[in-house]
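What follows is each chain in one-letter form.
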Amino acid sequence: MNMQNDDTLLQVQGLRTVFETRAGTVCAVDGVDVAVRRGECLGVVGESGSGKSVTFGSVMGLVRRPGRIDAGRILFEGRDLRALTPRQMRAIRGRDIAMTMQDALTALNPALTVGEQLAEVLEAHDEELPRGRAARRRAIRDRAVEMLGLVGIPSPGTRLRQYPHEFSGGMRQRIMIAIALASKPKLLIADEPTTALDVTIQAQVLELISDIRAELGMSVVLITHDLGVVAEHCDRVMVMYAGQVVEQGPTAEVIGQPKHPYTKGLLGSIPRLALRGEKIHPIEGQVPELIDLPAQCRFYSRCRERGVECLQSIAMQDAGPGRQARCIRLNPETVS
Amino acid sequence: MAAVDTDTPRDAATAQESIFRRNLHSFAANRLALGSAIVVLLFILMAVFAPLVAPHDPAETDLFRRLQPPAWMPGGEWSYLLGCDALGRDILSRIIYGARISIFIGAAVVLVATTIGIIAGLAAGYLRGWVDTVISRVVDILLGFPYLIFAIGLMAMMGPGLINIILALVYKEWVIPCRVVRGETLATRELEYVEAARALGAPGRHIMLREILPNILSPVIVVSTIRMAHVIILEASLSFLGLGVQPPTASWGAMVADGRAFILQAWWVSTFPGVAILLLVLAINVASQGLRDAFDPRFHE
Amino acid sequence: MSHAPDTAPLLSVEGLSKTYRSGRRLADRLTGRPETQVRAVNNVSFGIRPGEIMGLIGESGCGKSTLGRAILRLHEPTSGRVTFGGTDVTALSDDEMKAMRRRMQIIFQDPYASLNPRRTVAEIVGLPLSLHGLAKTPAEARDITAAIVEKVGLKTAHLDRYPHQFSGGQRQRIGIARALVSHPEFIVCDEPVSALDVSIQAQIIQLLTDLKREMGLTYLFISHDISVIGYLSDRVAVMYLGEVVELGPVETVLSNPRHPYTQSLMSAVPEVDRPGHKARVRLTGDLPSPLAPPPGCKFHTRCPLATEICRHKAPVSETVGAGHTAACHRLHENLSVPEAEPA
């Protein structure tokens, strides 16, 4: 993969984010590389504790004490976000990169109407607004109505004056997406946008994101634990385990022919109607604690294919065109 | 069955540490609270070992020492550190013995009130229905009563005496823990582990005492400690009005009242017992705030 | 149920309803505001045969958890009957019901909320033994507890630990051990894997199917996840706004759904197997508020096939195949929901 590709919107290199706890230093994200191209949808898959949310929280500059970014570069359109002042970072956050949270109810301000929250973003980030106060206010209102309409909320004019609690879960998720999209960001990071939602509503929200991506030409990072969602909506997928990327590549190939034993295990764990009567093969054991990890493959204790060669730090190995996996057995000659 | 590899519980460091010990740990980390707790402890030790600690008999009068000033003032004597009252009794010894009354009544009232409050609160919160309606109405009515005025009325009716003071304060004091327990019970009874116990066929008594109570005890303990300070002030107020324990038993409120007449020529007679009340109440309040912070999970991590 | 089951059902539910009322306050009475009612479960009937796994699927707020709890009388049913092994459970006295609970158990969704944080694993799992007098001595109780704890894949060394010392998957195993220790015949599994990560979810599903086979259990398995239901249940009931809209053998219902709601539910599930190839039925709008359910067929506000009659008249359940029933006015027109353009 060409790292200096002009096509690359976001480039994360060697990101390491740690949290200081009483028990020791938890390395939540350890040496993660990510590249998001313009206009693509990247799926990020992993279980809780895999570091998928922390990785993109770090990109957004949202890591707070006791956590901190320990190492790595975060390049957005070539600018290193870690070198920016908090003020400059605020300008990028919201305007160029927007993020939606899993829990729309707590992420929205309960004391402000939906219209006020949309207006706040538009006010701060929209340079095309007219100068006069009245004209400006009218323009903001029109844009807010337009945004709510875009995310499929019926009668947006009246609903603008309502508070978050007056909306259903699916509607709130749409509102959060509307707020995120209000500044026409180049990159939308959607953190588990549908986990709290029912399947029929999930389908609506995911299709909404896909439609808007096509319309605005933005890039989307879809963080999820659901491989089915990735299979249907993402161009590329990145699988994370215990703070590391263990596999990445085009979605169809990764899901069709997984290379890393963890990816295989995840796919094998999904119960399906088609598998009735057959045994499913759960990955046994649990995710290791991310404190003082030994220098060995992090999946070692749960891996069905492990061998002595796995007892060393494993680097990403090439696994075909545009594909990589962190498994030594793909390329036994390489020693990191 | 193929034993699934379930690793040993994660995080050995926290595994060994019980929730309670973690609470104590963070309580100790708060120095002001710890200092206050030590002050409270000293008061308690002083009360328990009063006969050993007090330099004089608190009831021993000596008219030659009438209104003798504290030791550091002209006319003072080091063996009568804080001076003497109108009957020539040693103020320090009376304060030490007075701590017994304040702390005993404070602890007894809070203990009885908390026990009643827990039983009533659990019943109201868990059983709901008419039990809840009756208890909640009684609580509402009692909350409308002016606390001290009714206590004074009750004391006037029942006459003075240790037991009567305790009753006159408990009559309303139980309302506070009751409300806390009821609220916590309402929240806890909806949790799945309570539902699980019901699904297993556990009787109501088991659910209230074994499943709910242990989980709501922390806020109750914190509230009870804070209330102890209030009760000590109330007891002092009753004694001040002459409705508390009767002379010659030393009591802080009565001592303040005794000194009132001489406040201009012998300020120490009222002031030192007043300072003792202030010190103990302040220490209890600060210590209980620390206790609350330690028990409240929002202050962890 | 119109289809006669081959064996007598272990559990049968007839016309079960659960209505929650908001108590009328004095202010409501003075202003003449009527009492609000939520019909969480409305006239549900089905039977579960011994050794069967009955799946119960639906979206949040459809009443599936309430139904599970009403069957166990954890929430007292408003009307209807539940018969278990020939006994009318709904007619039992409180004491009789307590004894019956040994035979009917429940596994909860939230492995964190369902275990008392102040009690050890041994106390939690051993509770049913002491409640029902199933062990003569404390030593025997401990042996039984240890055996069941090992059966669910934990170690005896874990017995004296507290719930917060375990991970979500391990805690769910503790909850399962608690439900199984009294050797019940029937278990309501209320979304037992929804709160777990994918790999742990698979472990628990495997455990539940193994235990069912070994101990001869019967499950009512409640889930919002069609893949889980499709994998492990024998028959499935689909719920929408408190009513069962379709019921039948799981292969039939999931491969040939007849109710438009089941059809849209099936098409909404993202699958790894055939991405993008699936015709998608787009449901518009949200679930109506159960406080004010729509008249007629409750699904008509979101149904792409709704006609005039659906707005006025509630459909009744009809047999559409072997053991397969559905409640829809337009069943016999052999329609299927119009498909949207593939995304």
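Note that the coordinates shown come from a computational prediction; the quantities given were computed from them, not determined experimentally.

**Some points on the overall build of chain A**
Regarding its fold elements, chain A presents 11 helices and 12 strands. The C-alpha extent of chain A, read off along each of the three principal axes, is 70 × 50 × 40 Å. Looking at chain A residue by residue over its 336 residues, the buried ones come to 47%. Restricting to contacts in chain A with at least 6 residues of sequence separation, those with at least 24 account for 64%.

**A short note on the overall build of chain B**
In terms of regular secondary structure, chain B is built from 13 helices and zero strands. Secondary structure of chain B in N-to-C order comes out as α-α-α-α-α-α-α-α-α-α-α-α-α. Taking all 301 residues of chain B together, 43% fall into the buried category. Of the contacts made within chain B by residues no fewer than 6 positions apart, 70% connect residues no fewer than 24 positions apart.

**Section: the sheet that holds strand β4 (residues 67–76) of chain A**
Residue and element names in this part refer to chain A. Taking strand neighbours across the sheet as the criterion, the four strands line up as β2-β1-β4-β5 in an open arrangement whose pairing is antiparallel. Both edges of this open sheet fall to β2 (24–37) and β5 (79–80), since each of them pairs with a single strand only. As paired elements, strand β1 (residues 8–21) and β4 share eight bridges and run antiparallel to each other. Across the sheet, the residue bridging to V12 is I74, located in β4.

**Side note on the interface of chain B and chain C**
How big an interface is tends to be stated in terms of accessible area lost as the parts join. Contact with chain B, which involves 21 residues of that partner, is made by 31 residues of chain C. In terms of residue count, helix α10 (residues 192–199) of chain B provides more of the side of chain B that touches chain C than any other element does, seven residues in total. Looking at the side of chain B that touches chain C residue by residue, the class counts come to 13 nonpolar, three polar and five charged.

**Considerations on the environment of C:L129**
Residues and elements named next belong to chain C. Here L129 lies in helix α4 (residues 121–131). Measuring from C-alpha to C-alpha, the distance between L129 and E96 comes to 17 Å, with 33 residues separating the pair along the chain. Here L129 is in contact with L134, A135, A141, I144 and V181, once residues within four sequence places are set aside.

**So, unusual backbone geometry**
A positive phi angle is found at B:R128, which is not glycine, with a value near 50°. Its location among the elements puts B:R128 in the loop between α5 (91–127) and α6 (129–144). On the basis of neighbour counts, which here come to 13 C-beta atoms within 10 Å, the residue B:R128 falls in the partly exposed class. One non-glycine residue, C:H183, adopts positive backbone phi at about 50°. Checked against the element boundaries, C:H183 lands in the loop between α6 (168–180) and β7 (186–190).

**Here's the deal with the sheet that holds β7(C)**
All names here are of chain C. Strand order in the open sheet formed by eight strands is β6-β7-β8-β3-β9-β10-β12-β11, with mixed pairing between adjacent strands. Each edge of the open sheet carries a strand with a single partner, namely β6 (104–107) and β11 (318–321). The mean angle between the axes of side-by-side strands here comes to 20°, regardless of whether they run parallel or antiparallel. In this sheet, β7 lies alongside β6 in parallel orientation, the contact comprising four bridges. Residue M104 lies in a different strand from β7, and its bridge partner there is F186.

**Notes on the nonpolar core**
Judged by nonpolar contacts, the single largest core of 267 residues is most densely connected at A:A178, A:V221, C:L220 and C:F221. Top contributing element to this core by residue count: α5(B), with 18 residues.

**A closer look at the environment of B:I284**
Inspection of the secondary structure assignment puts B:I284 in helix α13 (residues 268–295). Filtering out sequence-adjacent residues up to four positions away, B:I284 remains in contact with B:V40, B:T225, B:M228 and B:A229.

**Some words on the interface of chain C and chain A**
Counting residues at the interface gives 34 residues for chain C, matched by 38 residues for chain A. Elements with a contribution of two residues or more to the side of chain C that touches chain A: α7 (198–215), α8 (226–232) and α10 (260–268) of chain C. For the side of chain C that touches chain A, the element with the most residues is α7(C), which contributes seven residues. Partitioning the side of chain C that touches chain A into residue classes produces 15 nonpolar, 12 polar and seven charged.

**Things to note about the pairing of β4(A)**
Residue and element names in this part refer to chain A. As paired elements, β4 and β5 share two bridges and run antiparallel to each other. Bridge pairing links F76 to R79 in β5. Adjacent in sequence and paired antiparallel, β4 and β5 are bridged by two residues, among which E77 carries a positive phi angle near 50°.

**A look at helix α1 (residues 52–59) of chain A**
Most of α1(A) sits inside the fold, with eight of its eight residues counted as buried. Of all the residues in α1(A), the buried ones are A:K52, A:S53, A:V54, A:T55, A:F56, A:G57, A:S58 and A:V59.

**Overview of α6(C)**
Compared with an ideal rise of 1.5 Å per residue, which puts 13 residues at 18 Å, α6(C) spans 19 Å between its outermost C-alpha atoms and is within 8% of the ideal. Among all positions in α6(C), only C:G169, C:Q170, C:R171, C:Q172, C:R173, C:I174, C:G175, C:I176, C:A177, C:R178, C:A179 and C:L180 are buried. In this structure, the buried residues of α6(C) make contact with α10 of chain B together with β6, α4, α5 (138–151), β7 and α7 of chain C.

**Side note on the confidence of the model for chain B**
Residue and element names in this part refer to chain B. For chain B, mean pLDDT is 83; residues scoring 70 or higher make up 88% of the total. Mean pLDDT across the elements of chain B bottoms out in helix α1 (residues 12–15) (37) and peaks in helix α9 (residues 175–188) (93). Across residues 1–17, where pLDDT falls below 50, the model places 25 contacts with residues more than four positions away in sequence or in other chains. Every residue in residues 297–301 scores below 50 in pLDDT, and together they form three contacts with partners more than four places removed in sequence or on other chains. Here the prediction assigns the complex a pTM of 0.81, and the interface score ipTM is 0.80.

**Description of the packing of helix α4 (residues 114–125) of chain A against helix α7 (residues 169–181) of chain A**
Residues and elements named next belong to chain A. Closest axis-to-axis distance for the α4/α7 pair is 8 Å, and the angle between their directions is 20°. Taken together, α4 and α7 sit at an angle that is classed as roughly parallel. Judged by the twist between their axes, the crossing of α4 over α7 is right-handed. For the pair α4 and α7, the contacting residues are V114, Q117, L118 and V121 in the first and I175, A178 and I179 in the second. Split into classes, the residues belonging to the contact of α4 with α7 amount to six nonpolar, one polar and no charged.

**Side note on the pairing of strand β1 (residues 11–21) of chain C**
Residue and element names in this part refer to chain C. For β1 and strand β2 (residues 37–48), the ladder comprises eight bridges, and the chain directions are antiparallel. Across the sheet, K18 pairs through a bridge with V41, a residue of β2. Bridging between β1 and strand β4 (residues 79–84) involves five bridges; their strand directions are antiparallel. Looking across to β4, one finds that V13 is bridged to V82.

**As for the environment of A:T224**
All names here are of chain A. Its place among the elements puts T224 in strand β8 (residues 219–224). A C-alpha to C-alpha distance of 7.9 Å links T224 and P193, two positions 31 residues apart in sequence. Setting aside anything within four residues of it in sequence, one finds T224 in contact with G43, V45, E192, V229 and V230.

Quick notes on the rules
- Residues numbered from 1 in each chain as written.
- Chains lettered and ligands numbered in written order.
- Predicted model: local features only at pLDDT ≥ 70, side-chain atom pairs only at ≥ 80, totals over all residues.
- Helix = DSSP H or I, 4+ residues; strand = E, 2+ residues; numbered from the N terminus.
- Buried ≥ 20, exposed ≤ 12 C-beta atoms within 10 Å, placed from the backbone.
- Contact = placed C-beta atoms within 7 Å.
- Pairing = 2+ DSSP bridges.
- Nonpolar A, V, L, I, M, F, W, Y, C, P; charged D, E, K, R; others polar.
- Axes fitted to C-alpha atoms, helices over the stretch in contact; angles between N-to-C directions.
- Core = buried A, V, L, I, M, F, W, Y, C linked by C-beta atoms within 7 Å.
- Expected span 1.5 Å × (residues − 1).
- pLDDT = per-residue confidence, 0-100.
- Parallel < 35°, antiparallel > 145°, perpendicular 65-115°, else oblique.
- Left-handed = near helix turned anticlockwise from the far one by under 90°.

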